[in-house]
Amino acid sequence: NSKKVDAYKAELEKLEGVRVQTWKERNSALFFALKIEKFVIGLFLSIAALVAGFSLLSVMGLLLSQKRKEMGLLQAMGLGPLAMRRLLVGIGVSLGAMGLLSGGLIGASLSLYLEHFPLRVLPDIYYDAEIPASTDWFLIFSTLTIGLILSYLGAWNVGGSIYRQSPSELLRNQSRS
């Protein structure tokens, strides 16, 4: 039982003249390298997520700056501030959801493919020449949920400049955001 290896090691070391070393202790450099690799991959994925988030906010900002007059017309025709906020948040969340769901679907599909058909990249002299992969559904769903929450908050924040302005300010050519 690999989970009780430390208990077995302690029992064996009680014997006189016996020195025990586990596989994990012998290959500690490998485990350290894997830990660093996992951290670096997580760092790169976090940077990619930040870039995607800033891209979403810039697209929302550009969309709002181009549609200022239309937003002013909607407000002049009777669209209230709360309905305007809901409209802007709906646009931002739909943009974010489309990107998140398409990326999540592609990523989960690729992960499932690699789980069922592993890559054989190592030579046959090794015991296991395949790279193991497993799909972590909790991580996928939590990432999608956090992404949707962030797209909601970003759309709420970006739409604030439009929300606070009167229809006459929005209809003018000179914008003051």
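Parameters at a glance
Residues numbered from 1 in each chain as written. Predicted model: local features only at pLDDT ≥ 70, side-chain atom pairs only at ≥ 80, totals over all residues. Heavy atoms only, no water. Helix = DSSP H or I, 4+ residues; strand = E, 2+ residues; numbered from the N terminus. Rg over C-alpha atoms; globule rule 2.2 N^0.38 Å. Buried < 20%, exposed > 50% of the residue type's maximum accessible area, 1.4 Å probe, protein only. Contact = heavy atoms within 4.5 Å. Areas by Shrake-Rupley, 256 points an atom, 1.4 Å probe, with all protein chains shown as cover. Lys, Arg positive; Asp, Glu negative; His and termini not counted. Charge placed at Lys NZ, Arg CZ, Asp CG, Glu CD. pLDDT = per-residue confidence, 0-100. Axes fitted to C-alpha atoms, helices over the stretch in contact; angles between N-to-C directions. Left-handed = near helix turned anticlockwise from the far one by under 90°. Nonpolar A, V, L, I, M, F, W, Y, C, P; charged D, E, K, R; others polar. Phe/Tyr/Trp six-rings, centres within 6.5 Å; stacked < 30°, edge-to-face > 60°. Lys NZ or Arg CZ within 6 Å of the ring centre and 35° of its normal. Polar contact = N/O pair within 3.5 Å; in protein donor to acceptor, adjacent residues only side chain to side chain. Patch = residues over 30% accessible without salt bridge, like charges linked within 9 Å, V, L, I, M, F, W, Y side chains within 5 Å. Salt bridge = Lys/Arg side-chain N within 4 Å of Asp/Glu carboxyl O.

Asker: How should I be thinking about the overall build of the protein in this particular structure?
Answerer: Of regular secondary structure, the protein possesses eight helices and two strands. The globule rule puts the C-alpha radius of gyration for 177 residues at 16 Å, and the 27 Å found for the protein is more than 25% above it. Taken over the C-alpha atoms alone, the protein extends approximately 90 × 35 × 25 Å along its principal axes. Buried positions account for 17% of the 177 residues belonging to the protein. For the protein, restricting intrachain contacts to residue pairs at least 6 apart in sequence, the fraction spanning at least 24 positions comes to 63%. Counting every atom, the protein has about 13600 Å² of accessible surface; 66% of that belongs to carbon and sulfur. Looking at the protein, you have 18 positive and 13 negative side-chain charges, and the mean spots of the two groups are 17 Å apart.

Asker: Help me understand the side chain of Gln75, please; the structure alone is not making it clear to me.
Answerer: Tracing the backbone shows Gln75 in helix 4 (residues 68-76). By relative accessible area, Gln75 is classed as buried at 12%. The contact partners of Gln75, leaving out residues within four places of it in the chain, are Met84, Ile162, Tyr163, Gln165, Ser166, Pro167 and Leu170.

Asker: Any chance you could explain the confidence of the model for the protein here in plain terms?
Answerer: Detail in the predicted coordinates should be disregarded across regions flagged by low pLDDT. The predicted model of the protein has a mean per-residue pLDDT of 82, with 94% of residues at 70 or higher. Between the elements of the protein, mean pLDDT differs from a low of 73, seen in helix 7 (residues 160-164), to a high of 89, seen in helix 5 (residues 81-116).

Asker: Sorry, what's going on with the packing of helix 3 (residues 28-66) against helix 6 (residues 137-158) here?
Answerer: Helices that pack against each other are described as a pair by the angle of their axes relative to one another and the distance between those axes. At a minimum axis separation of 10 Å, helix 3 and helix 6 run at an interaxial angle of 35 degrees. In the packing of helix 3 onto helix 6, the handedness of the crossing is right-handed. Side by side, helix 3 and helix 6 meet where Leu56, Leu57, Met60, Gly61 and Leu64 of the first sit next to Ser151, Gly154, Ala155 and Val158 of the second. Residues belonging to the contact of helix 3 with helix 6 are distributed by class as follows: six nonpolar, three polar and no charged.

Asker: Hey, could you run me through the packing of aromatic side chains in this one?
Answerer: Each aromatic ring pair is summarised here by two numbers: the centre-to-centre distance and the angle between the ring planes. Within the structure shown, the criterion is met by three aromatic pairs. Pairing Tyr113 with Phe117 gives two aromatic rings, centres 5.2 Å apart and planes at 45 degrees, and the pair type is tilted. For Phe117, a relative accessible area of 51% translates into the label exposed. It is Arg85 that lies over the ring of Trp156; its NZ or CZ is 4.1 Å from the centre.

Asker: Whenever I open this one, the side chain of Thr22 confuses me. Can you help?
Answerer: Mapped onto the elements, Thr22 comes out in the loop between helix 1 (5-13) and helix 2 (23-26). Polar contacts involving the side chain of Thr22 include one to the main-chain amide nitrogen of Glu25, which spans 3.2 Å. The residues touching Thr22, leaving out its near neighbours within four places in the chain, are Val5 and Lys9.

Asker: Help me understand the environment of Pro81 in this model?
Answerer: By the secondary structure assignment, Pro81 is in helix 5. With relative accessibility at 46%, the residue Pro81 sits in the partly exposed group. For the pair Pro81 and Phe117, spaced 36 residues apart in the sequence, the C-alpha separation amounts to 53 Å.

Asker: Where do I start with a nonpolar patch on the surface in this structure?
Answerer: The grouping of Phe32, Ile36, Phe39, Val40, Leu43, Phe44, Ile47 and Val51 at the surface amounts to a nonpolar patch, some 790 Å² of accessible area in total. When you line up the elements, Leu43 lands in helix 3. According to the relative accessible area criterion, Leu43 is partly exposed, its value standing at 40%.

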